[in-house]
Amino acid sequence: QPSIAIGENGYYYLDPQMHFLNYYDISQQTSYYVCTLPACSHNSPTCNAYFDSSIFDGFNSYIWIYENRIYMLGNTKETNSLSIFSLNLDGSDRRKEFDICEYSRGNYLGLAIAIHRGYIYYAISFLDPNNSSVTLYRKSLYKDQSKSERIFEFSGKGVEIFRIKGFGSRIFFQCFSPDQKNEEKIGIYALKVDGNTIIESPKLIKPGAIREYTVVNSSLYYCTDSGVNVNNMETGLEETFYDVGNV
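Residues numbered from 1 in each chain as written. Predicted model: local features only at pLDDT ≥ 70, side-chain atom pairs only at ≥ 80, totals over all residues. Heavy atoms only, no water.

**Digging into the sheet that holds strand E4 (residues 30–33)**
- Pairing is antiparallel across the open sheet formed by four strands, whose spatial order is E1-E2-E3-E4. Each edge of the open sheet is held by one strand with a lone partner, namely strand E1 (4–6) and E4. Averaged over all adjacent pairs, the angle separating strand axes in this sheet is 25°, with direction ignored. (Pairing = 2+ DSSP bridges. Helix = DSSP H or I, 4+ residues; strand = E, 2+ residues; numbered from the N terminus. Axes fitted to C-alpha atoms, helices over the stretch in contact; angles between N-to-C directions.)

**Description of the environment of isoleucine 55**
- Positionally, isoleucine 55 belongs in the loop between E4 and strand E5 (63–66).
- Expressed as a C-alpha distance, the spacing of isoleucine 55 and serine 83, which sit 28 residues apart in the sequence, is 9.6 Å.

**Focus: the nonpolar core**
- By size, the foremost hydrophobic cluster in this structure holds 19 residues, and its most contacted members are Leu136, Phe152, Ile161, Ile164 and Phe173.
- Mapped by element, the contributors of at least two residues to this core are strand E9 (108–116), strand E10 (119–126), strand E11 (133–140), strand E12 (149–155), strand E13 (160–167), strand E14 (170–176) and strand E15 (187–194).
- Among all residues touching phenylalanine 152, those that are not within four sequence positions of it are Val134, Thr135, Leu136, Ile161, Phe173, Cys175, Tyr189 and Pro202.
- Trp64, Tyr71, Leu111 and Ile124 belong to the second-largest nonpolar core, a separate cluster that totals 17 residues. (Core = buried A, V, L, I, M, F, W, Y, C linked by side-chain atoms within 4.5 Å. Buried < 20%, exposed > 50% of the residue type's maximum accessible area, 1.4 Å probe, protein only. Contact = heavy atoms within 4.5 Å.)

**Description of the confidence of the model for the chain**
- Looking at the chain, the pLDDT average stands at 87 and 90% of residues meet or exceed 70.
- Across the chain, strand E17 (residues 212–216) holds the top mean pLDDT of 96, while E9 sits lowest at 82. (pLDDT = per-residue confidence, 0-100.)

**Observations concerning the sheet that holds strand E8 (residues 95–102)**
- The four strands lie next to each other as E5-E6-E7-E8, forming an open sheet whose pairing is antiparallel. This sheet does not close on itself; its edge strands, each paired only once, are E5 and E8. Averaged over all adjacent pairs, the angle separating strand axes in this sheet is 30°, with direction ignored.
- Where E5 meets strand E6 (residues 69–76), four bridges bridge the pair, whose relative direction is antiparallel.

**Focus on unusual backbone geometry**
- Despite not being glycine, arginine 163 shows a phi value in the positive range, around 50°.
- The topology assignment puts arginine 163 in strand E13.
- The exposure class assigned to arginine 163 is partly exposed, which follows from its relative accessible area of 29%.
- Even without being glycine, asparagine 217 reaches a positive phi, approximately 55°.
- Mapped onto the fold, asparagine 217 is located in the loop between E17 and strand E18 (219–224).

**Points about the environment of proline 45**
- When you line up the elements, proline 45 lands in the loop between E4 and E5.
- On the accessibility criterion, proline 45 (60% relative accessible area) is exposed.
- Separated by 26 residues in sequence, proline 45 and histidine 19 place their C-alpha atoms 8.8 Å apart.

**A word on the pattern of salt bridges**
- In the structure shown here, the tally under the stated rule is 11 salt bridges.
- Two residues, aspartate 99 and lysine 96, come together in a salt bridge whose shortest N-O distance is 2.7 Å.
- On the basis of relative accessible area, lysine 96 is assigned to the partly exposed category, the value being 37%.
- Of the charged contacts in the structure, one is a salt bridge between glutamate 153 and arginine 150, with a shortest N-O distance of 3.3 Å.
- Residue classification places arginine 150 among the exposed positions, given a relative accessible area of 54%.
- Through salt bridges that share partners, Arg69, Asp93, Arg95 and Glu97 make up one connected network. (Salt bridge = Lys/Arg side-chain N within 4 Å of Asp/Glu carboxyl O.)

Listed below in structure tokens is the structure:
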């Protein structure tokens, strides 16, 4: 859950009480409130760094930096929706961008969401026992009236889509299911995009139970119980990067 966003020379984060947005300056090794209001005491809702915890709670503490703006996920009570908000890097010009989906606080299993190249990608897994699928969507950041586009659907009881990440021209995500019938479908998926166009549909590129992963250039690094492996996505070659058994 990305409640910390990397800025040019530091990190943006919500404090433990989930009320104020802070920026940690790496060179100065100090934090300060994301607010430039004159004579602001930074201890009330009038502060630009203040974020109402009923809107930006623990579940919704997602922060991104994209094209010199801060984007955050919150909920809109009037429409019972998860919504995208944005503000300048100094805390000014805060505004709601759009709703992305309905939100019921007690009926979700997990939320996966990421911003990459002008789109927000998201999937919500629900606790509803009658729910038998989870869908990956995307929505443009610039077209507030655009509908969410269905990209991929994973079927089966208890299924999840999680760890959505964007690297270069690809979007990666993981799928999980407790059902043995779906065992061959569990793993890391990737889809390829070019501008607004999806040029390669999602496909399973690394099956199995993966604990975490990242991508560096064309190499996929992923963690399992036995260690860390690296897979060259261009050549298909794979090697052990770190073996727990040899420690």
